[in-house]
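# Structural characterization, general
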Amino acid sequence: MQGLDTRLAQLEHKRRTLPELAEAEKVDQRLADLRDVLVAAQTAEGDVAREQKKAEADVEQVVNRAVRDRQMLQSGRGSAKDLENIQHELQTLAKRQSDLEDVVLEVMERRETAQNRVTEMTVQRDEAQTRRDEVAAAIAEATGAVDRDVAAVTAERATIAGVLPEDLLALYERIRAAEFGVGAAALRRRRCEGCQLELDISEVNAIKAKPADEVVRHEACGRILVRVPDSGL
Ligand SMILES: [Zn+2]
């Protein structure tokens, strides 16, 4: 019974400390980081996209103005002074257009870089998500295996509990609850394997004098002592 209970405790420990759980924690952290980075990259890309729109609108404005100026020139309306001013403005506009087009090109380059980063981060995020799914499946599988072992050991335990005297089982459970999961321990070479203390000779002799079917307990720790061939009695 104690062997089975120890096994059950080990299985619960195994379930809580599956290496896949630590891996899942790591991947979750990475996934959260990548989501943040991706949001930042998308925000940055959006900012540059707006910048590009603005720069293109600036160019358009200058181009439209130049078109109007040329129409004005072609119409021949206005004084010679007006026409001269328009000629001058057209020169200024051409220079301005060229400068603004440089700005557009520069913004487009930055936008491409930003878009590449979004793409790259999306790929990394997707990879991390795939890994997370794999780890989740591995956890489910490992947990399932532990559950099956627990079920088998629990069934075996029920069988043994069914044949143990009720008062002995109650005593065992009481000690087990109080003594860190160990209610019964082998007495081996005069040593209690529950608390690891060696029994003094008078206690050994007292146990020796008792019938083999009498329940004996270690005075020091209170655990039920199970006599085995090399108990040293
Ligand atoms: Zn003991």
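Structure report, in brief.

## Digging into the coordination of the zinc ion
Within the protein, Cys192 (SG), Cys195 (SG), His218 (ND1) and Cys221 (SG) serve as the donor atoms for the zinc ion, at 2.1 to 2.3 Å. Its 4 donor atoms give the zinc ion angles of 96 to 119° at the centre, a pattern that matches the tetrahedral case. If you list the donors of the zinc ion from N- to C-terminus, the spacing comes out as C-x2-C-x22-H-x2-C. Here Cys192 is found in strand 2 (residues 191-192), whereas its partner His218 is found in the loop between strand 3 (216-217) and strand 4 (224-227), with 26 residues between them in sequence. Judged by relative accessible area, which is 3%, His218 ranks as buried.

## What about the packing of helix 2 (residues 19-75) against helix 3 (residues 80-163)?
Any two packed helices are characterised by the angle at which their axes cross and by the distance between the axes. One can describe the packing of helix 2 onto helix 3 by two numbers: an axis separation of 6 Å at closest approach and a directional angle of 165°. On the basis of their axis angle, the class for helix 2 and helix 3 is roughly antiparallel. Two packed elements cross with a definite hand, and for helix 2 against helix 3 that hand is left-handed. Partitioning the contact of helix 2 with helix 3 into residue classes produces 34 nonpolar, 8 polar and 21 charged.

## Comments concerning unusual backbone geometry
Negative phi characterises most residues that are not glycine, and trans characterises most peptide bonds. Look at Arg189: it is not a glycine, yet its phi comes out positive at around 45°. Here Arg189 lies in the loop between strand 1 (184-188) and strand 2. The exposure class of Arg189 is exposed, given its relative accessible area of 62%. Backbone geometry places Gln196, a non-glycine residue, at a positive phi of 70°. Secondary-structure assignment places Gln196 in the loop between strand 2 and helix 5 (201-208). When its relative accessible area of 47% is taken as the criterion, Gln196 is described as partly exposed.

Cut-offs and rules
Residues numbered from 1 in each chain as written. Predicted model: local features only at pLDDT ≥ 70, side-chain atom pairs only at ≥ 80, totals over all residues. Heavy atoms only, no water. Donors = N, O, S within 2.8 Å, 3.2 Å for Na, K, Ca; no water. Tetrahedral: all angles 85-135°; square planar, octahedral: opposite > 155°, others 65-115°. Helix = DSSP H or I, 4+ residues; strand = E, 2+ residues; numbered from the N terminus. Buried < 20%, exposed > 50% of the residue type's maximum accessible area, 1.4 Å probe, protein only. Axes fitted to C-alpha atoms, helices over the stretch in contact; angles between N-to-C directions. Parallel < 35°, antiparallel > 145°, perpendicular 65-115°, else oblique. Left-handed = near helix turned anticlockwise from the far one by under 90°. Nonpolar A, V, L, I, M, F, W, Y, C, P; charged D, E, K, R; others polar.

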